[in-house]
Amino acid sequence: MWREQPMRRHPALLEPGTSPHPVDELLPPGRMATVALQHVASMYAGVAAPPLIIGAAAGLGPAQLTTLLAASLFIAGIATLLQTLGFWRIGSRLPFVNGVSFATVSPILAVVAAKKDAALPLIFGSTIVAGLFCFLLAPVFCRLVRFFPPVVSGTVITLIGISLLPVAGNWAQGGNSHAPDYGSLANVGLAGLTLLTVLLLNRFLRGFLQRISILLGMLVGTLAAVPLGKVDVGALSSLPVFELPHPFAFGAPQFEAAAIVSMLVVMLVSMTESTADMIALGEVVERPADDRTIAGGLRADGLATAFGGVFNGFICSAFAQNIGLVALTKIRSRFVVALAGVFLIVMGLVPVVGGLVSLVPQPVLGGAGVVLFGSVAVAGIRTLGKADLSAGSNAIIVAVSLAFGIFPIAFPDFYQAFPEQIATVLNSGISVGCLLAVTLNLLFNHLGRGREVPPAYVPEEQVVALGRVGDAD
């Protein structure tokens, strides 16, 4: 029977009179707060984007959109505290930032398209199930990671990016195809201005400002939209200064097999990414992530996800961009990131913060989405580069999985003749692509083969690259 390995502790923690490992170091309050705010700024756009995307697709008003965003910030803070401080066997106890997984967006949009106004209770119900699934599976997932080698994880991540790009195109035109200004020069121009701003900022800025270029680009696009009458600040006046999160604000959770299957697939992908990020972060901070560390980190993901389903949030996973910030600043203290989690919780309790973000017009979101969503697809292609695609079996796995993942994107009515429960799953290109990639990988690379199992996704290149960034300073 497989068991978790004992926690490996740094030798400095075992010898009296020695200084603590940098991961366990407490910094002066001023320095700690400054670096914590950098972590929040680096991840904020990633936390804010999914609820904005989902809320826009569900047709939510400003107040409801603010509730959704506030919940995402609040849950991200809770998840980050669970990861950094931890208790019992929950949490990696590394400077690990958590937030809403981008992988959850595409299957949720498929549920919204199928269920319309009844979608959110189904989404939150399936999120609770996915969180509990992650929590219970955490101790044995280290053994299952081998079924998600680069050929599988790369295919799924690529599909996530591809499936979201049409959303960016729709937003760039205005988001509502029935609106009289849909596709107007003003809308497309705003999207183009936002995209151009992001590109220029990425080209000419460095360090921290470069990391928040998408956020700055959205700010420029929103300011440009004000004289065009596309920003309505009236909704801010009705928002309270402080508000506690309300459980099940969009109705009691509902449970449907098709939606649950889609969310479980996303949870497995998120668990794989979190595992890879924990391994990378362990190398950066020089405290290697062992089995127990990974299991604790995944338990924190699962608990925060289930908690999020109750308080109107979504699946939580690691934010890889913050690993780069740890390497860049060379500040490895988990308590710095824990303070960032506190900041996120406070932001989630102040609805005005979410209200300001909800003012961003959809054409501006569309321009930023080109970079956001395209970057996800590029990350998937980079992961596929770690697979041996010269082997015919791997090439077939990717080809077939991508094809069936793209069918519902290119032809939204492709599965219209199927029963509704089955069509809900099939209409999520990510779910179909992931299931096919896992199945075909088992068929070609595992069953009946006396060969070594392909290695799990371990981002060695990412670790090396991050190390170089840190050394460069």
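Peer 1: Hey, could you run me through the overall build of the chain in this one?
Peer 2: Per the secondary structure count, the chain includes 18 helices and 2 strands. Relative to its 473 residues, the chain shows a buried fraction of 53%. In the chain, of all internal contacts separated by at least 6 residues, the share reaching a separation of at least 24 is 84%. For the chain, the accessible surface area stands at approximately 19600 Å², while carbon and sulfur atoms represent 66% of it.

Peer 1: What's the story with the nonpolar core in this structure? I'm lost.
Peer 2: One broad trend across soluble globular proteins is that nonpolar side chains are buried collectively. Within the largest apolar cluster, 79 residues are counted, with the highest numbers of intra-cluster contacts made by I53, I123, I160, L298, F314 and F373. In this structure, F373 is in contact with I53, F102, G161, L164, L165, V167, A168 and W171, ignoring residues within four places of it in sequence. In terms of nonpolar packing, the next biggest core, distinct from the first, is built from 20 residues, M32, V35, A340 and L344 among them.

Peer 1: Before we go on, may I ask you to explain the packing of helix α2 (residues 62-84) against helix α10 (residues 291-310) in this structure?
Peer 2: For any two helices packed against each other, the geometry is given by the interaxial angle and the distance between the axes. The interhelical angle for the contact between α2 and α10, taken along N-to-C directions, is 155°, at an axis separation of 9 Å. Between α2 and α10, the angle is such that the two are roughly antiparallel. Pair α2 / α10 crosses with right-handed handedness. Judged by residue contacts, F74, I75, I78, A79, L82 and Q83 of α2 engage G297, A300, D301, L303, A304, F307 and G308 from α10. For the contact of α2 with α10, the class distribution of residues is 9 nonpolar, 3 polar and 1 charged.

Peer 1: Help me understand the packing of aromatic side chains in this model?
Peer 2: Given two aromatic rings, their pairing is described by the distance between the two centres and the angle made by the two planes. In the structure shown here, the tally under the stated rule is 8 aromatic pairs. Judged by centre distance (5.0 Å) and plane angle (25°), the ring pair of F407 and F414 falls under stacked. Residue F414 is classed as partly exposed on the basis of its relative accessible area of 40%. Here a set of aromatic residues connected by ring pairs shows up, and it is made of F404, F407, F414, Y415 and F418.

Peer 1: How should I be thinking about the layout of surface pockets in this particular structure?
Peer 2: Empty space left among the atoms is revealed by rolling a probe the size of a water molecule over them. Put simply, the second largest pocket is a space of about 960 Å³. Forming the boundary of the second largest pocket are 32 residues, of which L109, A110, V112, A113 and P412 lie nearest the centre. Residue assignment for the lining of the second largest pocket shows that the elements contributing at least two residues are α1 (29-57), α3 (105-115), α5 (150-172), α15 (392-410) and α16 (420-426).

Peer 1: Before we go on, may I ask you to explain the pattern of salt bridges in this structure?
Peer 2: One pass over the structure, following the stated rule, counts 4 salt bridges. Two residues, R334 and D24, come together in a salt bridge whose shortest N-O distance is 2.8 Å. Taken as a pair, R334 in helix α12 (residues 334-349) and D24 in the segment before α1 lie far apart in primary sequence, 310 residues in all. On the basis of relative accessibility, which here comes to 13%, the residue R334 falls in the buried class. The exposure class assigned to D24 is buried, which follows from its relative accessible area of 15%. A salt bridge links K115 to E256, with the shortest nitrogen-to-oxygen separation between them at 3.3 Å. Of the two residues, K115 sits in helix α3 while E256 sits in the loop between α8 (213-225) and α9 (257-284), which places them 141 residues apart along the sequence. For the pair formed by K115 and E256, the shared burial category is buried. Three or more residues joined by partner-sharing salt bridges are found here, namely D24, R287 and R334.

Peer 1: Sorry if this is basic, but what is going on with the environment of V371 here?
Peer 2: Within the secondary structure, V371 sits in helix α14 (residues 362-384). C-alpha separation for the pair V371 and V198, spaced 173 residues apart in sequence, amounts to 8.2 Å.

Peer 1: What should I look at first to understand α14 in this one?
Peer 2: Each full turn of the α-helix corresponds to 3.6 residues, which orients residues three or four apart in the same direction. Look at α14: 32 Å from first C-alpha to last across 23 residues, which is about the 33 Å you get at 1.5 Å a residue. Maximum bend of α14: about 35°, positioned at G369.

Peer 1: Looking at this structure, how should I read the confidence of the model for the chain?
Peer 2: As a general rule, the predicted coordinates of low-pLDDT regions are not to be interpreted in detail. Model confidence for the chain is summarised by a mean pLDDT of 79, while 83% of its residues fall at 70 or above. Low pLDDT, under 50, characterises residues 1-14; the stretch is placed with 29 contacts to residues that sit more than four places away or in other chains. The model gives residues 451-473 a pLDDT under 50, and that stretch makes 39 contacts with residues more than four places away or in other chains.

Peer 1: I'm lost on the side chain of S333 in this one. Help?
Peer 2: Its place among the elements puts S333 in the loop between α11 (321-329) and α12. In this structure the side chain of S333 is engaged in a polar contact, spanning 2.5 Å, whose partner is the backbone oxygen of E25. There is a polar contact of 3.2 Å between the side chain of S333 and the backbone nitrogen of F335. If we ignore the near neighbours within four places in the chain, the residues touching S333 are P22, V23, E25, L27 and P95.

Peer 1: Could you clarify how one ought to interpret a nonpolar patch on the surface in this entry?
Peer 2: A surface patch of nonpolar side chains, amounting to about 340 Å² of accessible area, comprises F87, W88 and L303. Its place among the elements puts W88 in the loop between α2 and β1 (98-100).

Peer 1: What is the right way to read the packing of α5 against α14 from this model?
Peer 2: Close contact between α5 and α14 brings their axes to 7 Å; oriented N to C, the two are set at 165°. The orientation of α5 with respect to α14, classified from their angle, is roughly antiparallel. α5 and α14 meet at a crossing whose hand is left-handed. When the residues that make up the contact of α5 with α14 are grouped by side-chain class, the tally is 20 nonpolar, 11 polar and no charged.

Peer 1: Is there a simple way to think about unusual backbone geometry in this case?
Peer 2: The bulk of non-glycine residues show a negative phi, and the bulk of peptide bonds are trans. Backbone geometry places R93, a non-glycine residue, at a positive phi of 55°. Along the chain, the position of R93 falls in the loop between α2 and β1. Of note, N312 is a non-glycine position whose phi angle comes to about 70°, a positive value. Position of N312 relative to the elements: it lies in the loop between α10 and β2 (316-318). Here N312 falls in the buried class, since its relative accessible area comes to 2%.

Peer 1: How do you make sense of α8 when you look at a structure like this?
Peer 2: In this model, α8 (13 residues) spans 18 Å end to end at C-alpha, consistent with the 18 Å of a helix rising 1.5 Å per residue. For α8, the full list of buried residues reads S213, I214, G217, M218, G221, T222 and A225.

Conventions adopted
- Residues numbered from 1 in each chain as written.
- Predicted model: local features only at pLDDT ≥ 70, side-chain atom pairs only at ≥ 80, totals over all residues.
- Heavy atoms only, no water.
- Helix = DSSP H or I, 4+ residues; strand = E, 2+ residues; numbered from the N terminus.
- Buried < 20%, exposed > 50% of the residue type's maximum accessible area, 1.4 Å probe, protein only.
- Contact = heavy atoms within 4.5 Å.
- Areas by Shrake-Rupley, 256 points an atom, 1.4 Å probe, with all protein chains shown as cover.
- Core = buried A, V, L, I, M, F, W, Y, C linked by side-chain atoms within 4.5 Å.
- Axes fitted to C-alpha atoms, helices over the stretch in contact; angles between N-to-C directions.
- Parallel < 35°, antiparallel > 145°, perpendicular 65-115°, else oblique.
- Left-handed = near helix turned anticlockwise from the far one by under 90°.
- Nonpolar A, V, L, I, M, F, W, Y, C, P; charged D, E, K, R; others polar.
- Phe/Tyr/Trp six-rings, centres within 6.5 Å; stacked < 30°, edge-to-face > 60°.
- 1 Å grid on protein atoms, 1.4 Å probe; cavity = no way out; pocket = protein on both sides within 12 Å on 5 of 7 lines; lining within 4 Å.
- Points joined across faces, edges and corners; volume = space filled by probe spheres on them.
- Salt bridge = Lys/Arg side-chain N within 4 Å of Asp/Glu carboxyl O.
- Expected span 1.5 Å × (residues − 1).
- Bend = angle between axes of the 7 residues up to and from the residue.
- pLDDT = per-residue confidence, 0-100.
- Polar contact = N/O pair within 3.5 Å; in protein donor to acceptor, adjacent residues only side chain to side chain.
- Patch = residues over 30% accessible without salt bridge, like charges linked within 9 Å, V, L, I, M, F, W, Y side chains within 5 Å.

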